[in-house]
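Given next are the chains, with one letter for each unit.
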Amino acid sequence: MNHRNPQLNKNGELQHLLTIEGLPRGIVTGILDRAKPFTEVAEGAAKKLPLLRGKSVFNLFFENSTRTRTTFEIAAKRLSADVINLNITTSSSSKGETLLDTVDNLAAMQADMFIVRHASSGAPHLIAQHLAATGRNHISVVNAGDGRHSHPTQGLLDMYTIRHYKKDFSQLTVAIIGDIMHSRVARSQIHALSILGVPEIRVIAPKTLLPGGVERLGVRVFHDIHEGLRGVDVVMTLRLQNERMQGALLPSPQEFFKSYGLTADKLVLAKPDAIVLHPGPMNRGVEIDSAVADGSQAVILPQVTFGIAVRMAVMSMLAGK
Amino acid sequence: MNHRNPQLNKNGELQHLLTIEGLPRGIVTGILDRAKPFTEVAEGAAKKLPLLRGKSVFNLFFENSTRTRTTFEIAAKRLSADVINLNITTSSSSKGETLLDTVDNLAAMQADMFIVRHASSGAPHLIAQHLAATGRNHISVVNAGDGRHSHPTQGLLDMYTIRHYKKDFSQLTVAIIGDIMHSRVARSQIHALSILGVPEIRVIAPKTLLPGGVERLGVRVFHDIHEGLRGVDVVMTLRLQNERMQGALLPSPQEFFKSYGLTADKLVLAKPDAIVLHPGPMNRGVEIDSAVADGSQAVILPQVTFGIAVRMAVMSMLAGK
Amino acid sequence: MNHRNPQLNKNGELQHLLTIEGLPRGIVTGILDRAKPFTEVAEGAAKKLPLLRGKSVFNLFFENSTRTRTTFEIAAKRLSADVINLNITTSSSSKGETLLDTVDNLAAMQADMFIVRHASSGAPHLIAQHLAATGRNHISVVNAGDGRHSHPTQGLLDMYTIRHYKKDFSQLTVAIIGDIMHSRVARSQIHALSILGVPEIRVIAPKTLLPGGVERLGVRVFHDIHEGLRGVDVVMTLRLQNERMQGALLPSPQEFFKSYGLTADKLVLAKPDAIVLHPGPMNRGVEIDSAVADGSQAVILPQVTFGIAVRMAVMSMLAGK
């Protein structure tokens, strides 16, 4: 484990994927490059590759997410891995076992990779550190979303999608709209866009949904969506978590939609060829209008397709390190 | 998609399996013929065939059914497919996503086949139409039971079972006993028996458990089980759903058993070589007596075995179209 | 089925693994011998062997246990079997189907092996007897824990672990500490140690946690842990089930830990090279102190690793019979 960056090994290769923050640009573009042939594999008749044959991939989901678990499960199976799904919310952790005892036990079953989803920020880091401290660096950890912290494969698939449609990051203006404060997706996107050299990253949100000091991440803050969308190349919408909708931070989903929901008449302020992303699952009529979600500028379903390829790329890179 | 029959493509081949109603007889017998070698595969040592290798089959269960899900999972795995089980009752649909957004997302993961179970009649049709409307006809939909509407693979495996024991449909008298009104199984059986040319199809039920106008399906109605069973070649019992037992339509399970439960002394009214079917799981002592269920005329366990082969046949036919 | 020992076939080969009680020593050592190469396979790059290719293994869990289910799932997948997980607590048994009807149905799906976990002692025996009575002896049953009765693969992996570290059973003193009365693990360990010729087996427990007549199993009873640990080669701790902690049999977890929890200052009474086992998941600070659990004498994680190999051995032996 590299002490300056716990995700990289001594040779500077990817050892774990815990967060996009601090990843060298070469690693990020390396993942995107590696994903490309996997999109072609997926379109072909034979989607099965033997790259992870005999490897045991554990989907360690301490927080339920069928969709994310499914994307990793498919990616691993297309690489011929053995996949074990563990929904830990309903299992041994309820038997009073600690997180690290659970990890130790699964590691002792000769795991090769842990895909970790956890409600607590930092849980995947903790696991990676523990594996390093106990001499089991051959097991890789992939963060599949931890608390409000990070969701790196989502950030990477968003970058893949942008690159697919816009080719070059160096001239882009990108706007992220919505609940920036609680969103691990937004955090991962901002880090990834910065690393890839996007010159202007905007966040568009009410004050109550912006973390303090967000400007230090290198973003421009807009509270007015009309101003924020003007002239952008890429519009990234965020899911508004249901638990926020009745909270103290927002008057109502309807109010949010009125002010920050992406509608066709707001989208015209962006460049005519602007693309629209959403990490899913969508709340239609809350953060995005159906006319936009189903419109010609939306690239929401390609995001899903690219997401499988990006996860195959990450997994095969980790397995081959 | 063929507009006269949305299950067939332009060449008249099976594209989806949504319902038995309206299927050409050649398609039905084609499935049964194709299933035959799969029963032999299953009996042999090597049950694994590469026909769906690299294909991704999604078990999309919006309504829980471990047994039906298991039969499709085994069938798909024996064809070497990658199988992803999605119990949607507890996942993204609770996150407010629409049915078609869920389908779009899974389709974008390069699904090849959806096995759909849903409490609402017509859900698999809706999905198939949506796939056609969005240019994704290469993804097949198999209805694994929708509301009170249809359960086509159950109907087909029942036909396979009858053909196995009786060889020829053209001389048979078949009786279906029980809760016809709420049974998607009964509906599928009646359509299948009609298509295959069974000259006399009887339904035996109290008035409260018969749908209005059932005669228009081409069946003879009996309220007295003794009359209805007289001289039949095949007796098809139906599961009485637990939720009906305390309902307004039935006095009690005991009363039902007394009047309509299949006992040995009623079964003697059928032909001596009559066979007895049940779709499972059985309520012993409600719709069927243990002496019959475990007796020599019951073919209930062969139904299960043939069911795997029939599902393998349907899947391989759809994948090869 | 051999009437004197329902686990063995006419040739004296293992047909089912239901309990360690009554197994010939040759069968027990045969399993341990067969497991050895599987530990090496697991350490190598290619963990996949084709021994169960095309076989269908059903994890029939009538009682939830993610950990045990996972160990069997991994073992079966590394042998290339198709694995079907059935959590029956939430499925067809709630539809009123009997245990044996469920078994009959799954058997009719051409199952090759049932891994059975059940809250009732004797359920796996009942299933094995039923399969024999209905002429389906080709399907093997592996008991994955039944009530308070038996957990044979746990007992076998414990024996594998002891043999790995101590080589020879014939000179050992082994102590089992904790809730002997409710523990299927303890029962399996005592039988296995006896069969393998361990000259002194001790049980250490308060009177309330010892079954009546335990001495008849050939063990020495100690109520004082200090006396019981003196000079032992192997210390086997047991999980204290949460439901016991508030029960009438124990004052509190804290009291239990004070009297029977394995701490470093108690462990010094054992031989200096004594090893410490625990079946997991651990209640740290109840039956075992962290200093011991994480100390150099603990072989708790090797137990897990050996457990996969032992299960692979059992499965491949049953499949090859």
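Residues numbered from 1 in each chain as written. Chains lettered and ligands numbered in written order. Predicted model: local features only at pLDDT ≥ 70, side-chain atom pairs only at ≥ 80, totals over all residues.

Secondary structure summary: chain A contains 12 helices and nine strands in total. The C-alpha extent of chain A, read off along each of the three principal axes, is 55 × 45 × 40 Å. When each of the 321 residues of chain A is scored for burial, the buried share is 54%. Restricting the contact set of chain A to residue pairs at least 6 apart, pairs at least 24 apart contribute 79%. (Helix = DSSP H or I, 4+ residues; strand = E, 2+ residues; numbered from the N terminus. Buried ≥ 20, exposed ≤ 12 C-beta atoms within 10 Å, placed from the backbone. Contact = placed C-beta atoms within 7 Å.)

What follows is about the confidence of the model for chain A. Mean pLDDT for chain A: 93, with 94% of residues reaching 70 or above. Model confidence for the complex: the whole-complex pTM is 0.94, and ipTM, which rates the interface, is 0.93. (pLDDT = per-residue confidence, 0-100.)

To continue, consider the interface of chain B and chain A. Facing 17 residues of chain B, the contacting portion of chain A comprises 21 residues. Broken down by secondary-structure element, the contributors of at least two residues to the side of chain B that touches chain A are strand E2 (82-87) and helix H3 (99-108) of chain B. Considering every element that reaches the side of chain B that touches chain A, the biggest residue donor is H3 of chain B, with four residues. Split into classes, the residues belonging to the side of chain B that touches chain A amount to four nonpolar, seven polar and six charged. (Nonpolar A, V, L, I, M, F, W, Y, C, P; charged D, E, K, R; others polar.)

In a beta sheet, neighbouring strands are held together by backbone hydrogen bonds and run either parallel or antiparallel to one another. Residues and elements named next belong to chain C. What the four strands build is an open sheet, ordered E2-E1-E3-E4; its pairing is parallel. Of all strands in the sheet, those with a lone pairing partner are strand E2 (82-87) and strand E4 (140-146), marking the two edges. When the angles between neighbouring strand axes are averaged without regard to direction, this sheet yields 15 degrees. Across six bridges, the pairing between strand E1 (residues 56-61) and E2 is parallel. In the strand pairing of E2, Asn59 is matched with Asn85. (Pairing = 2+ DSSP bridges. Axes fitted to C-alpha atoms, helices over the stretch in contact; angles between N-to-C directions.)

This brings us to the sheet that holds strand E5 (residues 173-177) of chain C. All names here are of chain C. Here five strands make up an open sheet; going across it, the order is E7-E6-E5-E8-E9 and the pairing parallel. Of all strands in the sheet, those with a lone pairing partner are strand E7 (220-222) and strand E9 (275-277), marking the two edges. On average, each strand axis in the sheet is inclined to that of its neighbour by 20 degrees, with strand direction left out of account. Across five bridges, E5 lies against strand E6 (residues 200-204) in parallel orientation. Paired with Ala175 across the strands is Arg202, a residue of E6.

This part is about the relation of the copies chain B and chain A. Of the transformation placing chain B onto chain A, the axial shift is 0.0 Å and the rotation is 120 degrees, giving an RMSD of 0.0 Å. Between the two chains, the operation in question is that of a three-fold axis. (Least-squares fit on C-alpha atoms with pLDDT ≥ 70 in both.)

Chain B puts 21 residues into the contact, and the matching count from chain C is 17 residues. Of all the secondary-structure elements, those providing two or more residues to the side of chain B that touches chain C are helix H2 (66-78) and helix H12 (300-319) of chain B. At seven residues, H2 of chain B tops the list of elements feeding residues into the side of chain B that touches chain C. When its residues are assigned to classes, the side of chain B that touches chain C shows nine nonpolar, seven polar and five charged.

A separate point is the nonpolar core. By size, the foremost hydrophobic cluster in this structure holds 315 residues, and its most contacted members are Val235 of chain A, Val235 of chain B together with Val235 of chain C. Setting aside its immediate chain neighbours within four residues, Val235 of chain C contacts Ala175, Ile177, Leu229, Leu262, Leu267, Ala270, Ala274 and Val276 of chain C. (Core = buried A, V, L, I, M, F, W, Y, C linked by C-beta atoms within 7 Å.)

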